[in-house]
Amino acid sequence: SSDLIDIALASYNGEAFIAEQLQSILACQRQAGDEAFAPGNINVSDNMSSDGTATVVKALSAQHPNIRFFPNSNRGVINNFNHAIQQCSADYVMLSDQDDVWLPEKMQLSLQKLLELEQRYGKDCPVLVFTDLHVTDSRLQITAPSFFAAQRLIPDSYRYPKHIFLANVAPGCTMIMNRKLLELAMPVPVEASMHDWWLLLVASTFGQVAHIDRPTMLYRQHENNQVGAPSKRYATFLLSPLAQFRLAGQRLAQAEAQANAFMKRFPAIPQRCADTVQFLASFRKLSRTARLRGLMQKKIEHRTRAKKIILYLLALTLPRMRS
């Protein structure tokens, strides 16, 4: 039925928290099931966990047939999410991590927003919606009520290619997307910086994106997180300026590699984004003068002053790569 939302959950050594996460998704589905929308499958792709993750998921799956377990030997977060998404057949897909807890209204709120966009722009438009979240410690005590605020994210950056190609603003674990976006964006290439960033770039370039300023889940931070949240940002402040500068250089290199993968996948990029993508993709091959000129023309741009300054310093100091 087209009324389904499938969930793509990527797991790896998640036995400590995955049962609680799956229960929270089931509760969400029950709440959404009161509406016109029926719950779909929860597809768990597991990266050959060495702990009891498989046992926990299979036990829950015996009670709830819509929880399905798919072992996946292709290592890495991107490969694991690709595999999870490939198991989804519904018109709408939500992404999930293994260690968070969804709030009961997450599905309804996200879907409502997505359907509004589809009504406005048509079902053939690739659409993505993401939300804010509460950051918590491992015991689910809230440490930051708003992820956007704690990370100093300006969520509507997706309206501006010059910002969005340089830094991701959308947490994947809050995303819902339509089939049209998946047809266009999948599979996420391994050259992408991250699966969620790639999906956001494709949606904002070729379709429509919206965000919800409400937290829809508890984002659990603990020792084994694959990708982290605010505490990491405060740690960055404590790094020496040189270490911060090196980190910024690494992130720029990742964004550049991703821009190249983007150009390879999509030979025809809308004019609105073309300058940004081409400039970023060739950043290290350009002369210092050409880099500075591009930055002054705001082909790419960070939204905070400190990051803008670092970007200019990188433009001046990065050695030029031979093409």
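Preceding this paragraph is the structure being described.
Values in this document were obtained by computation on a predicted structure and should not be read as measured data. The residue numbering used here restarts from 1 in each chain and proceeds along that chain's sequence as written. pLDDT decides what is reported in this predicted model: residues at 70 or higher carry local features, side-chain atom pairs at 80 or more are listed and counted, and totals for whole chains, interfaces and linings draw on all residues regardless. Calculation of side-chain values draws on the structure's entire complement of heavy atoms; hydrogens and water are dropped beforehand.

Structural notes on the environment of tyrosine 312
So, point 1. Its place among the elements puts tyrosine 312 in helix 13 (residues 305-317).
So, point 2. A sequence separation of 204 residues divides tyrosine 312 from glutamine 108, and the C-alpha atoms of the two residues are 43 Å apart.
So, point 3. In what follows, residue pairs with any heavy atoms lying within 4.5 Å of each other are defined as contacts. Apart from residues lying up to four places away in sequence, tyrosine 312 is in contact with Leu292, Leu295 and Met296. Strands here are runs of E lasting at least two residues and helices are runs of H or I lasting at least four, both read from the DSSP assignment and numbered beginning at the N terminus.

Remarks on the packing of helix 12 (residues 288-296) against helix 13
So, point 1. Across the interface, helix 12 lies against helix 13 with an axial gap of 8 Å and an inter-helix angle of 160 degrees. Judged by the inter-axis angle, helix 12 sits roughly antiparallel to helix 13. Between helix 12 and helix 13 lies a crossing of right-handed hand. Each of Arg288, Arg291, Leu292, Leu295 and Met296 in helix 12 lies in contact with helix 13, whose residues at this interface are Leu311, Tyr312, Leu314, Ala315, Leu316 and Thr317. Axis lines are fitted to C-alpha atoms, over the contacting stretch for helices. Their N-to-C directions set the angle, which ranges from 0 to 180 degrees. Small angles under 35 degrees read as roughly parallel and large ones over 145 as roughly antiparallel, with 65 to 115 read as roughly perpendicular and the rest as oblique. Take the far helix as your reference; a near helix turned counterclockwise from it by less than a right angle gives a left-handed crossing, and one turned clockwise gives a right-handed crossing.

Overview of the pairing of strand 4 (residues 92-96)
So, point 1. In this scheme, a residue with accessible area under 20% of its type's maximum is buried, one over 50% is exposed, and one in between is partly exposed, where area comes from a 1.4 Å probe on protein chains only. Buried residues dominate strand 4, accounting for five of its five residues.
So, point 2. Along strand 4, one buried face is formed by Tyr92, Met94 and Ser96 and the opposite face, lined by Val93 and Leu95, is buried too.
So, point 3. Where strand 1 (residues 4-11) and strand 4 come together, five bridges link them in parallel fashion. Note on strand 4: the bridge partner recorded for aspartate 6 is valine 93.
So, point 4. Strands qualify as paired when DSSP identifies two bridges or more between them. Summarising the sheet, strand 4 and strand 8 (residues 176-178) pair through three bridges and their orientation is antiparallel. By the bridge assignment, methionine 94 is partnered in strand 8 with isoleucine 176.

Points about the packing of aromatic side chains
So, point 1. Only Phe, Tyr and Trp rings are paired, with Trp represented by its six-membered ring, and only when their centres lie within 6.5 Å; those with planes under 30 degrees apart are stacked, over 60 edge-to-face, the remainder tilted. Under the counting rule described, the total for this entry stands at 10 aromatic pairs.
So, point 2. Judged by centre distance (6.1 Å) and plane angle (80 degrees), the rings of phenylalanine 130 and phenylalanine 148 are edge-to-face. With a gap of 18 residues between them, phenylalanine 130 in strand 6 (residues 127-136) and phenylalanine 148 in helix 5 (residues 147-150) connect regions that are remote in the sequence. As far as burial versus exposure is concerned, phenylalanine 130 and phenylalanine 148 are alike and both buried.
So, point 3. Ring geometry for phenylalanine 279 and phenylalanine 283: centres 5.6 Å apart, planes at 85 degrees, overall edge-to-face. By the burial criterion, phenylalanine 279 is buried, and phenylalanine 283 matches it.
So, point 4. By way of ring pairs, the aromatic residues Phe165, Trp198, Phe206, Phe262 and Phe266 are connected into one cluster.
So, point 5. Over the ring of tryptophan 102 we find lysine 106; its NZ or CZ atom is 4.0 Å from the centre of that ring. A ring is scored as having a charge over it whenever the NZ atom of a lysine or the CZ atom of an arginine sits within 6 Å of its centre and within 35 degrees of its normal.

Honestly, that's just the spatial picture; any functional story needs more than this.
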